[in-house]
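Report on the structure
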Number of protein chains: 2
Amino acid sequence: MTTGQDSTRGSLTVVGLGPGATDLMAPRALAALTEAEIVVGYRTYLDLVRDCLNPKSEVISSSMMQEIDRCRKALQLAEEGKKVALVCGGDPGIYAMAGLVYELAKAEDTTVAIDIIPGIAALNSCAAVLGAPLMHDFAAISLSDLMTPWELIERRLQAVAPADFVVVIYNPKSKKRTDQIVRAREIMLEHRSPETPVGIVSGATREHETVRLTTLGTMLDEEIGMQTTVIIGNSQTFFWRDKMITPRGYSKKYGL
Amino acid sequence: MTTGQDSTRGSLTVVGLGPGATDLMAPRALAALTEAEIVVGYRTYLDLVRDCLNPKSEVISSSMMQEIDRCRKALQLAEEGKKVALVCGGDPGIYAMAGLVYELAKAEDTTVAIDIIPGIAALNSCAAVLGAPLMHDFAAISLSDLMTPWELIERRLQAVAPADFVVVIYNPKSKKRTDQIVRAREIMLEHRSPETPVGIVSGATREHETVRLTTLGTMLDEEIGMQTTVIIGNSQTFFWRDKMITPRGYSKKYGL
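These numbers were taken from a predicted model, which means no experiment stands behind them. Starting from 1, residues in each chain are numbered consecutively following that chain's sequence as written. Each chain gets a letter, beginning with A, and each ligand a number, beginning with 1, in the order they are written. Local features in a predicted model are, by the rule used here, given only for residues with pLDDT of at least 70; side-chain atom pairs are given and counted only at 80 or more, and totals for whole chains, interfaces and linings are based on all residues.

Put simply, a nonpolar core is buried Ala, Val, Leu, Ile, Met, Phe, Trp, Tyr and Cys residues tied into one set by C-beta atoms within 7 Å. Buried residues are those with 20 or more other C-beta atoms within 10 Å of their own C-beta, exposed residues have 12 or fewer, and partly exposed residues lie in between; C-beta atoms are placed from the backbone. Within the largest apolar cluster, 160 residues are counted, with the highest numbers of intra-cluster contacts made by Leu86 and Val101 of chain A together with Leu86 and Val101 of chain B. Not counting chain neighbours up to four residues away, the residues in contact with leucine 86 of chain A comprise Leu12, Val14, Val15, Val40, Gly41, Cys71, Ala74, Met97 and Val101 of chain A. Remark: residues whose backbone-derived C-beta atoms lie within 7 Å of one another are considered to be in contact.

Next up, the structure:
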């Protein structure tokens, strides 16, 4: 790929905004946004931080399905010598843009400096609003088969269900993709009680946050969409008041 | 449990400090620390934020192994009507104090308001300094058998190894506990190539940060301790320059 006149100073910072509440975004992320000459991102995420941006910065927003163009553009501008921030919701390193940026950087053999600023991911924020469901070993699985064969996703569900992992499900369902969460639940039910606690969260820490506590048996009665995270408890997970808790083992060991 | 005279205003906020760099701690966490009347925590974590604390706050520090006493004390002070912050490194909800607080709260049937402020966990920060190793489905497993039978830990390793999960290992080793990481590697090697990329990180984002890239074959040559996080790649994970990257599948699908 051609490099610009001033490529030595160009840089690409991939910035995790966290779950959406401004006070859950790290100061380092905010600094990267205000210092960037160009801020690139998916419209919805840019809207979350528009007030934080430097009025002098150029802002390039795109729609959700254009992530390759978005990352390529960000990398290209950095190669031309610009200081670029690419924004992601949550943590760039968990089902977000960090990997794609590196896949493109490798393909284009760029020498641009790339930096990842981690953020509070959906799994962290959803766990916090639910209580403490991830206190023991857990697996994160995306049910989107856009780029992963369904057979592999199912194999992963089959693996973790009998090994009693707490399971965090990303991308459980979309308008066109409705069967996967049904099948995922079936697989879990082959190994866990229908009474197993399940937490369903969308918009964690944001105005439209919804938190629902349900069970494996009844979880499909709840509304689940693309923006929803589903956390399925292990055999020890319990509800207490309005919280979902997976014990680490203190009660058993020390008889609290 | 007895409640104090003014228990209606008491509260316990469990605060995630993030990985250690002050600019990776959320403003909400900082606010909770400055607003607390009493700040309770493990000494090492308190040292990270001592400059942020309100000089008027009482600070109660303890050593690492006293986590039950520490949480019980924090809960008790909140029940007496105090505004208490309990600090945790990383994210309180991932192998930290959120679960124990709820286990104790349930045992003591407290009515105190409990709030969890999520943070950037070790898995988030270690992934960011390594590049993008967690871009596909992953499992987090602690090798500490203090409160979890080793048989269950081994069953979990056996489950995720053939299902090609990226694996994040917490608590890989301590002075007294040295065999588990050896066994974990053996299990992974039954299903993955010795060339599989492995990232070993300690002190992510802190002054003494060390980041090492190695492979399943050679990982035991590296120093590994209690403060180390080990990330074992899946069959697609690769090294590029000094980064460890697990592709999401864009290159394969779109031929970048």
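Picking up where we left off.
This part covers the relation of the copies chain A and chain B. Least squares is used to superpose the copies, and the fit set is the C-alpha atoms of residues whose pLDDT is at least 70 in both copies. By a simple turn and slide, chain A fits onto chain B: the slide is 0.0 Å along the axis, the RMSD is 0.0 Å, and the turn is 180°. The superposition operator between the copies reduces to a two-fold rotation axis. Residues of chain A ranked by C-alpha distance from the rotation axis are headed by alanine 139 of chain A, positioned 2.0 Å from it. Both copies present the same face, since 100% of the interface residues in chain A are matched by interface residues at the equivalent positions in chain B.

Turning next to the packing of helix α3 (residues 67-79) of chain B against helix α4 (residues 98-108) of chain B. Residue and element names in this part refer to chain B. The axes are straight lines fitted to the C-alpha atoms, using for helices just the contacting stretch, and the angles between their N-to-C directions are given from 0 to 180°. Strands here mean DSSP runs of E at least two residues long; helices mean DSSP runs of H or I at least four residues long; both are numbered from the N terminus. Where α3 contacts α4, the two axes come as close as 10 Å, and the packing angle between them is 60°. Taken as axis vectors, α3 and α4 run oblique relative to one another. Considering how the two elements wind past one another, α3 and α4 form a crossing that is right-handed. Here Glu67, Ile68, Cys71, Arg72 and Leu75 of α3 lie close against α4, whose contacting residues are Leu100, Val101, Leu104, Ala105 and Glu108. Only Asp, Glu, Lys and Arg are considered charged in this grouping, and only Ala, Val, Leu, Ile, Met, Phe, Trp, Tyr, Cys and Pro are considered nonpolar; every other residue, Gly among them, is considered polar. Looking at the contact of α3 with α4 residue by residue, the class counts come to 7 nonpolar, no polar and 3 charged. In what follows, roughly perpendicular refers to angles from 65 to 115 degrees, roughly parallel to angles under 35, roughly antiparallel to angles over 145, and oblique to any angle outside these ranges. It is the rotation of the near helix from the far one that decides the hand of a crossing: anticlockwise by less than a right angle makes it left-handed, clockwise makes it right-handed.

The next thing to look at is the domain arrangement of chain A. All names here are of chain A. Examined at the domain level, chain A breaks down into domain 1 (7-120) and domain 2 (123-245). Here the C-alpha centre of domain 2 lies 28 Å away from the C-alpha centre of domain 1. Contacts between the two partners involve 7 residues from domain 1, matched on the other side by 8 residues from domain 2. The residue makeup of the side of domain 1 that touches domain 2, split by class, is 6 nonpolar, 1 polar and no charged. Note that domain bounds follow an automatic or database assignment of domains.

All names here are of chain A. Tracing the sequence through the fold places phenylalanine 238 in strand β12 (residues 238-240). According to the C-beta neighbour criterion, phenylalanine 238 is partly exposed, with 16 such atoms within 10 Å. When near neighbours in sequence (up to four residues on either side) are disregarded, phenylalanine 238 contacts Pro197 and Ile245.

Right, let's talk about the confidence of the model for chain A for a bit. Residues and elements named next belong to chain A. Residue-level confidence of the predictor is what pLDDT reports, using numbers from 0 through 100. Looking at chain A, the pLDDT average stands at 94 and 96% of residues meet or exceed 70. Low confidence marks residues 1-5, where pLDDT is under 50. Its contacts with residues over four positions away, or in another chain, come to 9 contacts. Complex prediction metrics read pTM 0.96 and ipTM 0.95.

All names here are of chain A. Looking at where glycine 20 falls in the secondary structure, it is placed in the loop between β1 (11-16) and α1 (27-35). Counting along the chain gives 187 residues from glycine 20 to glutamate 207, while the straight-line C-alpha distance between them is 9.3 Å. Not counting residues up to four positions away in its chain, the partners in contact with glycine 20 are Leu48, Thr205 and Arg206.

Okay, helix α5 (residues 122-130) of chain B next. Where burial is concerned, most of α5 of chain B is hidden: 9 out of the 9 residues are buried. In the stretch just after α5 of chain B, glycine 131 of chain B is the one whose phi turns positive, near 130°.

Of the residues lining the interface, 58 residues belong to chain A; the matching set on chain B comes to 58 residues. The element that contributes the greatest number of residues to the side of chain A that touches chain B is helix α4 (residues 98-107) of chain A, accounting for 8 residues. The residue inventory of the side of chain A that touches chain B, partitioned by class, reads 36 nonpolar, 11 polar and 11 charged. A strand pair is defined by DSSP finding two or more bridges across the two strands. Pairing analysis gives 3 bridges linking strand β7 (residues 138-142) of chain A to strand β7 (residues 138-142) of chain B, with the strands arranged antiparallel. Across the sheet, the residue bridging to alanine 140 of chain A is phenylalanine 138 of chain B, located in β7 of chain B.

This part is about the sheet that holds strand β11 (residues 228-232) of chain B. With respect to topology, 10 strands assemble into an open sheet ordered β10(A)-β9(A)-β11(A)-β8(A)-β7(A)-β7(B)-β8(B)-β11(B)-β9(B)-β10(B), the strand pairing being mixed. Sheet topology places β10 (210-215) of chain A together with β10 (210-215) of chain B at the edges, where each strand pairs with a single neighbour. Along the sheet, successive strands turn relative to each other by an average axial angle of 15°, direction set aside. In the sheet, strand β9 (residues 197-202) of chain A pairs with strand β11 (residues 228-232) of chain A via 5 bridges, with the strands oriented antiparallel. Within β11 of chain A, the position partnered with glycine 199 of chain A by the bridge is isoleucine 231 of chain A.

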